[in-house]
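Structure at a glance
The chain contents come next:
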Amino acid sequence: LRQRGKELPHTTNVSEGRENTRLTRAFVSACRTPNTNHTGLYVAKEKGYFAEEGLEVKFISPHVYDYKRTPASFVERGEAMFAIGPAESVISYSLPPERPRMQAIGALLQDDATCIATLKSSGIDRPAKLDGQTYASYAARFEGRIIKCMIQYDGGKGSFIEYVPDKLDTWGIFLEGKTSAAWIFNHWEATDATLKGIELNKFRLKDYGVPYGFSLLLFGCKEELEKDPELASAFLRACEKGFQEAAKDDVAAAELFMTAVSKEHQHDSVSLVPEQVRESQKIIGKYYIADNGKWGRICKKKAQTLFDWLSENGLLTTLMQSRSPVPGVSTTLDELRDGDPGRPVPTEEVNPDEIFTNKYFSE
């Protein structure tokens, strides 16, 4: 990997102490601490599938940086080759302001595994009742406007408070009752709630007019991917082996995942709850593999549908989010949602086929 003419240390060849064996190091930055969305990645590492492809893969967990940086920022600065995040993150890098273009090269899950959750005890049993409530936000560019549309589609006004907690602990403050709703994974946070005896109302976005087709994507800097396509292909081949294996046996996958996480993050204070991992793995394993038996391929129809929806609902605009707005470049979350998000970006200026690709898969 080269960026701005400089070779970066995370992709130089490093010796692993085995005779005639040298591996190419590649960092992967995730948007969340290790969870069962990532099982296939950790299985691939634990079983040696990355090493078989000549790769030494290191995972960057966001808690190490106190959640002050996004996965895409590591890729943008040349500190990681790959990142894990939602489709909106990738799309955002194709909008103003001018930044390195990101490109999604694989889908961790084949369908959306998220929902908007409220406490059953709150009486908020439909999105329209979120009017006037407080929503726990990840402070993402499109997030608040997506929630606003969802509320409006259900007959509400779409007026709510968007609260960003420290270290993006949206689930923690939700359980503490400081917010009325949070965007969660059905198999991860919802499983935690079940184990704690907490009942939830869960609103799936597609049930309320939002075609949110992807929970998480693998992506990288488009320019750098094109400079080393074989590295990207090798990475995906190993990932596919890992996710295929995880999908076959959820019990074994859960144990492998926990073992691999303890090794990878032994100095990072990553704490997993074994029962949550095991119960979660039973649910999410069904999301890994497509009907055709393959992992990771991005459904172009889903990608186009999401892109068109964002455009038609006025979410593709020039200003991005910031806690310290710069005129003409960024604005606050409240302004994005209810004020001036900038000018609409014409669809002809952004090509979804350049944002989402399957070309790095071997077949």
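Below, the structure is looked at part by part. This is a predicted model, so every value here is computed, not measured. (Residues numbered from 1 in each chain as written. Predicted model: local features only at pLDDT ≥ 70, side-chain atom pairs only at ≥ 80, totals over all residues. Heavy atoms only, no water.)

**Looking at unusual backbone geometry**
Test applied: Counting from the N terminus, the helices are the DSSP runs of H or I reaching at least four residues and the strands are the DSSP runs of E reaching at least two.
Pro-96 connects to Pro-97 through a cis peptide bond whose omega is 0°. Within the secondary structure, Pro-97 sits in the loop between helix 4 (87-92) and strand 7 (102-107). Backbone geometry at Ala-139 places phi at a positive 65°, although glycine is not the residue there. One non-glycine residue with positive phi stands out, namely Lys-167, at about 55°. Mapped onto the fold, Lys-167 is located in the loop between strand 10 (161-163) and helix 6 (170-175).

**Here's the deal with empty space enclosed by the protein**
Defined as follows: Residues are called lining when one of their atoms sits within 4 Å of a cavity or pocket point, these points coming from a 1 Å grid over the protein atoms alone, where a cavity is a set in which a 1.4 Å probe fits but cannot get out and a pocket is an open set with protein on both sides within 12 Å along at least five of seven lines. Grid points are joined across faces, edges and corners, and a volume is the space filled by probe spheres set on the points. In this classification, Asp, Glu, Lys and Arg are treated as charged, Ala, Val, Leu, Ile, Met, Phe, Trp, Tyr, Cys and Pro as nonpolar, and every other residue, Gly included, as polar.
Across all of its chains, the model carries two cavities of 30 Å³ or more by this definition. The calculated volume of the largest cavity comes to roughly 50 Å³. Around the largest cavity sit Ala-30, Arg-32, Thr-33, Pro-34, His-38, Leu-41, Tyr-42, Phe-59, Ile-60, Ser-61, Ile-84 and His-265, which together line it. Looking at the lining of the largest cavity, the elements with two or more residues in it are helix 1 (39-46) and strand 5 (55-60). Residue composition of the lining of the largest cavity, grouped by class: seven nonpolar, four polar and one charged.

**What about the packing of aromatic side chains?**
Our working rule: Any two of the Phe, Tyr and Trp rings considered here, Trp counted by its six-membered ring, make a pair once their centres fall within 6.5 Å; the pair's planes then place it as stacked at under 30 degrees, edge-to-face at over 60, or tilted in between. Each residue's exposure class comes from its accessible area (1.4 Å probe, protein chains only) as a fraction of the maximum for that residue type: buried when under 20%, exposed when over 50%, partly exposed otherwise.
On inspection of all chains with the given rule, the structure shows 14 aromatic pairs. Ring centres 5.5 Å apart and planes at 85° place the aromatic pair Tyr-42 and Phe-257 in the edge-to-face group. A residue pair is termed long-range when its members are at least 10 positions apart, and Tyr-42 in helix 1 and Phe-257 in helix 10 (residues 250-264) qualify at 215 residues. Assigned by exposure class, Tyr-42 and Phe-257 land together as buried. Here the aromatic rings of Tyr-135 and Phe-160 are separated by 6.1 Å at their centres, their planes lie at 85°, and the arrangement is edge-to-face. Highlighted residues: Tyr-135 in strand 9 (residues 134-136) and Phe-160 in the loop between helix 5 (143-153) and strand 10, separated in sequence by 25 residues. Comparing Tyr-135 with Phe-160 shows no difference in burial state: the two are buried.

**A few points about the packing of helix 1 against helix 10**
To be explicit about the condition: An axis is simply a line fitted to the C-alpha atoms; with a helix, the fit covers only the stretch in contact. Between two such axes, the angle follows the N-to-C directions and lies from 0 to 180 degrees. By definition in this entry, angles of less than 35 degrees are roughly parallel, angles greater than 145 are roughly antiparallel, angles of 65 to 115 are roughly perpendicular, and the rest are oblique. Contacts are assigned to residue pairs with any non-hydrogen atoms lying within 4.5 Å of each other.
One way to put it is that helix 1 packs onto helix 10 with a least axis distance of 8 Å and a crossing angle of 70°. By the criterion of interaxial angle, the relationship of helix 1 to helix 10 is roughly perpendicular. For the pair helix 1 and helix 10, the contacting residues are Thr-39, Tyr-42, Val-43, Lys-45 and Glu-46 in the first and Ala-253, Leu-256, Phe-257, Thr-259, Ala-260, Val-261, Lys-263 and Glu-264 in the second. Counted by class, the contact of helix 1 with helix 10 contains seven nonpolar, two polar and four charged residues.

**Brief notes about the pattern of salt bridges**
Applied cut-off: Salt bridges are defined by distance alone: a side-chain nitrogen of Lys or Arg within 4 Å of a carboxyl oxygen of Asp or Glu.
Tallied over the entire structure, the rule returns 31 salt bridges. One salt bridge connects Glu-79 with Arg-69, and the closest N-O pair in it is separated by 2.7 Å. Here Arg-69 lies in the loop between strand 5 and helix 3 (71-76) and Glu-79 lies in the loop between helix 3 and strand 6 (82-85), a separation of 10 residues in the sequence. Between Glu-354 and Lys-222 there is a salt bridge; the shortest N-O distance is 3.1 Å. Placement of Glu-354 in helix 14 (residues 352-355) and of Lys-222 in helix 8 (residues 222-227) is noted, with a sequence separation of 132 residues between them. Assessed through its relative accessible area of 37%, Glu-354 is described here as partly exposed. Overlapping salt bridges bring together Lys-148, Glu-162, Asp-334, Arg-337 and Asp-338 as one network.

**Thoughts on the nonpolar core**
A general tendency of soluble globular proteins is for nonpolar side chains to be buried together. Where we set the bar: For the purposes of this section, nonpolar cores are sets of buried Ala, Val, Leu, Ile, Met, Phe, Trp, Tyr and Cys residues that join through side-chain atoms within 4.5 Å.
Counting residues in hydrophobic clusters, the biggest one holds 47 residues, and the most contacted among them are Ile-116, Ile-146, Trp-183, Leu-205, Leu-217 and Phe-356. At the level of secondary structure, the elements contributing two or more residues to this core comprise helix 3, helix 4, strand 7, helix 5, strand 11 (181-185), strand 13 (217-221) and helix 12 (300-312). The residues touching Leu-217, leaving out its near neighbours within four places in the chain, are Ala-83, Ile-84, Gly-85, Ala-87, Ala-104, Gly-106, Ala-107, Leu-108, Ile-298 and Phe-356. With 46 residues, the next largest nonpolar core counts Tyr-42, Tyr-49, Leu-272 and Tyr-288 among its residues.

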